[in-house]
Amino acid sequence: MAKHYLAVDIGASSGRHIVGWREGGAIQTKEVYRFPNGVTERDGQLTWDAVELMFHVKHGIDKVLEQFPDIASFSIDTWGCDYVLLKGGEEVWPCCAYRDNRTEAVVPAVHENVPFKELYARTGCQFQPFNTIYQLCADKLAGRLEGVTDFLMVPEYLLWKLTGVKAKEYTNATTTGLVSAKTGEFDLELVEKLGLPARLFTQLQQPGTPVGEYRGVKAVLCATHDTGSAVEGIPMEGEQLYISSGTWSLLGVKTPRPLTDEKSMAANCSNEGGVGYNRYQKNIMGMWIVNRLRDELCPEKPFPEIVREAEASAFDGTVDANAQIFLAPESMKAAFDASLDKKPETAGDYFRCAYRSLALSYRDAIRELEENTGRTYEKLYIVGGGAKNQFLNRLTQEATGKEVVALPIEATALGNLKIQIARQEELK
């Protein structure tokens with residue numbers, strides 16, 4: 001009888017409990033539980049409700065075990081960069097969200113202490129104002145690190161609450177901007193330069209490492225950064241380009257090792273951990289801008305209708321999808337209006353502009369990746385929610401000149417499951 005495994009995959013807008021098993025040479029899946037997620041405002045800050053997340057994680061596991069009492073192992077993946085501070089066994093709230101603006105005043109001070117050129121050469125981590133390095137320095141400035149004994153990235157925190165085991169996982173750690181590109185461990189010299197407590201930066205564990213049990217089910221580290229699991233879940237033929245298309249569009253390629261040269265820094269390419277390889281990629285604003293436009297312009301309208309209106313529009317304006325103005329605007333419509341010489345007139349105009357802008361940003365990012373890696377790629381694999389949008393896929397193929405292979409699969413859950421199954425098979 002096939003063994004069953006559980007992937008708990010939590011994104012910025014929802015979470016899923018997906019059971020998987022190997023059958024007929026492939027991994028079959030069944031979604032058992034889904035729950036909402038989102039940023040909440042608390043005392044003027046954008047935060048995650050980690051207590052609510054924990055409730056849903058446990059409730060979902062209960063539902064899974066009702067249907068599949070023989071689960072062999074489970075793992076959890078989430079977005080990167082965000083974490084929970086701990087004083088022993090007690091949380092230091094809130095769990096701040098990466099879209100909060102609390103790091104704005106800290107970034108210049110960090111770069112004055114350690115110039116970004118040095119940061120990039122050491123870590124290969126792209127600049128984003130929400131990187132963990134800046135969040136922790138903001139915490140230090142606010143006095144939030146006093147007495148803190150540990151910090152756990154969100155999936156690590158959830159696993160600890162379930163199992164009692166604190167484990168820091170490699171792929172998620174590479175989103176912090178504090179991991180050495182050379183050693184694959186926290187850069188303690190950099191930690192010292194920043195004046196952060198060295199006790200917080202313990203040894204990293206690789207995907208596949210067991211981390212205790214919950215309700216008699218073994219817990220295993222997957223690639224706990226969801227993009228790391230998503231890339232692991234893409235059935236690519238050879239080394240090709242990928243986009244994990246969700247709230248963010250993560251566009252990249254696999255490389256044997258991090259690329260930390262000046263061209264990579266100038267392109268703001270990031271080097272993040274994979275399962276035995278490096279992910280050399282770009283962060284592009286992604287479905288965030290589309291979803292926010294929908295929330296504002298037509299919240300009740302289904303996406304197939306939105307896409308049809310975008311296709312029917314003749315609006316030819318585009319914006320820089322990666323501009324800071326689109327990160328967390330009060331009004332996404334106003335952000336588009338401020339970025340365009342000619343304002344859109346209909347909802348279809350706004351969505352056409354968004355989709356065309358995304359396709360052009362993919363084209364520009366691919367040109368940079370190919371120049372920096374010295375390679376030309378033929379195919380572009382797209383997974384995640386954006387893979388279902390045939391209009392955007394067509395625009396992307398036209399803009400990039402690449403063969404687009406759109407796979408509307410739960411790639412993140414598949415990668416999560418694949419890592420668990422591989423570990424089990426190693427133990428045979």
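Everything discussed here concerns the structure shown above.
Let me begin by describing the structure that accompanies this report.

About the criteria used
- Residues numbered from 1 in each chain as written.
- Predicted model: local features only at pLDDT ≥ 70, side-chain atom pairs only at ≥ 80, totals over all residues.
- Heavy atoms only, no water.
- Helix = DSSP H or I, 4+ residues; strand = E, 2+ residues; numbered from the N terminus.
- Rg over C-alpha atoms; globule rule 2.2 N^0.38 Å.
- Buried < 20%, exposed > 50% of the residue type's maximum accessible area, 1.4 Å probe, protein only.
- Contact = heavy atoms within 4.5 Å.
- Lys, Arg positive; Asp, Glu negative; His and termini not counted.
- Charge placed at Lys NZ, Arg CZ, Asp CG, Glu CD.
- Core = buried A, V, L, I, M, F, W, Y, C linked by side-chain atoms within 4.5 Å.
- Arc of directions from axis to C-beta.
- Pairing = 2+ DSSP bridges.
- Axes fitted to C-alpha atoms, helices over the stretch in contact; angles between N-to-C directions.
- Phe/Tyr/Trp six-rings, centres within 6.5 Å; stacked < 30°, edge-to-face > 60°.

**Regarding the overall build of the protein chain**
A tally of regular secondary structure across the protein chain gives 15 helices and 20 strands. By the compact-globule yardstick of 22 Å for 428 residues, the protein chain fits well, its C-alpha radius of gyration being 21 Å. On the principal axes, the C-alpha backbone points of the protein chain span a range of 55 × 55 × 45 Å. When each of the 428 residues of the protein chain is scored for burial, the buried share is 59%. When contacts within the protein chain are restricted to residue pairs at least 6 apart in sequence, those whose partners lie at least 24 apart make up 70%. If the 47 positive side-chain charges of the protein chain are averaged to one point and the 58 negative ones to another, these points end up 3 Å apart.

**Looking at the nonpolar core**
In this structure, Phe74, Ile289, Phe336 and Tyr355 are the most contacted members of the largest nonpolar core, which totals 120 residues. The biggest single contributor to this core is helix H13 (residues 347-373), with eleven residues. Among residues more than four places away in sequence, those in contact with Phe336 are Ile289, Leu293, Val319, Phe326, Tyr350, Cys353 and Ala354. Judged by nonpolar contacts, the second largest core, of eleven residues, contains Val231, Ile234, Tyr381 and Val405.

**Overview of helix H11 (residues 303-312)**
Each full turn of the α-helix corresponds to 3.6 residues, which orients residues three or four apart in the same direction. Within the sequence span of H11, burial applies to Ile306, Val307 and Ala310. Projected down its long axis, H11 shows its buried positions confined to an angular sector of 95°, all on one face. Exposed and oriented more than 90 degrees from the buried face of H11 are Pro304, Arg308 and Ala312. Where H11 is buried, its residues touch helix H10 (287-297), H13 and helix H14 (390-400).

**So, the sheet that holds strand E18 (residues 278-284)**
The strand order across the open sheet built from six strands is E17-E18-E16-E15-E19-E20, with neighbouring strands paired in mixed fashion. Edge positions in the sheet fall to strand E17 (270-273) and strand E20 (403-407), since each of these pairs with one other strand and no more. Looking at each pair of strands side by side, their axes are set apart by 30° on average, direction ignored. Strands in contact with H13 are strand E15 (241-245), strand E16 (249-255), E18 and strand E19 (379-383); relative to E18, the strand with the most contacts, it is inclined by about 150°.

**Topic: the packing of aromatic side chains**
As enumerated under the stated definition, the model contains 19 aromatic pairs in all. Judged by centre distance (4.2 Å) and plane angle (35°), the ring pair of Trp48 and Trp79 falls under tilted. Residue Trp48 is found in strand E5 (residues 45-48), and its partner Trp79 is found in the loop between strand E6 (71-77) and strand E7 (83-87); the two are separated by 31 residues along the sequence. You can call Trp48 buried: its relative accessible area is 4%. Aromatic pair Phe116 and Phe127: ring centres 6.1 Å apart, planes at 85°, arrangement edge-to-face. With Phe116 in helix H3 (residues 116-123) and Phe127 in the loop between H3 and helix H4 (132-141), this pair connects stretches of sequence that are eleven residues apart. Phe127 sits in the partly exposed class, given a relative accessible area of 27%.

**Re the pairing of E18**
The element E18 is largely enclosed, with a buried count of seven among its seven residues. Here E18 shows a buried face lined by Asn278, Tyr280, Lys282 and Ile284 and a second buried face lined by Arg279, Gln281 and Asn283. Where E16 meets E18, seven bridges bridge the pair, whose relative direction is antiparallel. Residue Ser249 lies in a different strand from E18, and its bridge partner there is Ile284. Across four bridges, the pairing between E17 and E18 is antiparallel. Its bridge partner being in E18, Asn271 is matched across the sheet by Tyr280. Connecting the antiparallel pair E17 and E18 is a turn made up of four residues, with Gly276 showing a positive phi of about 90°.

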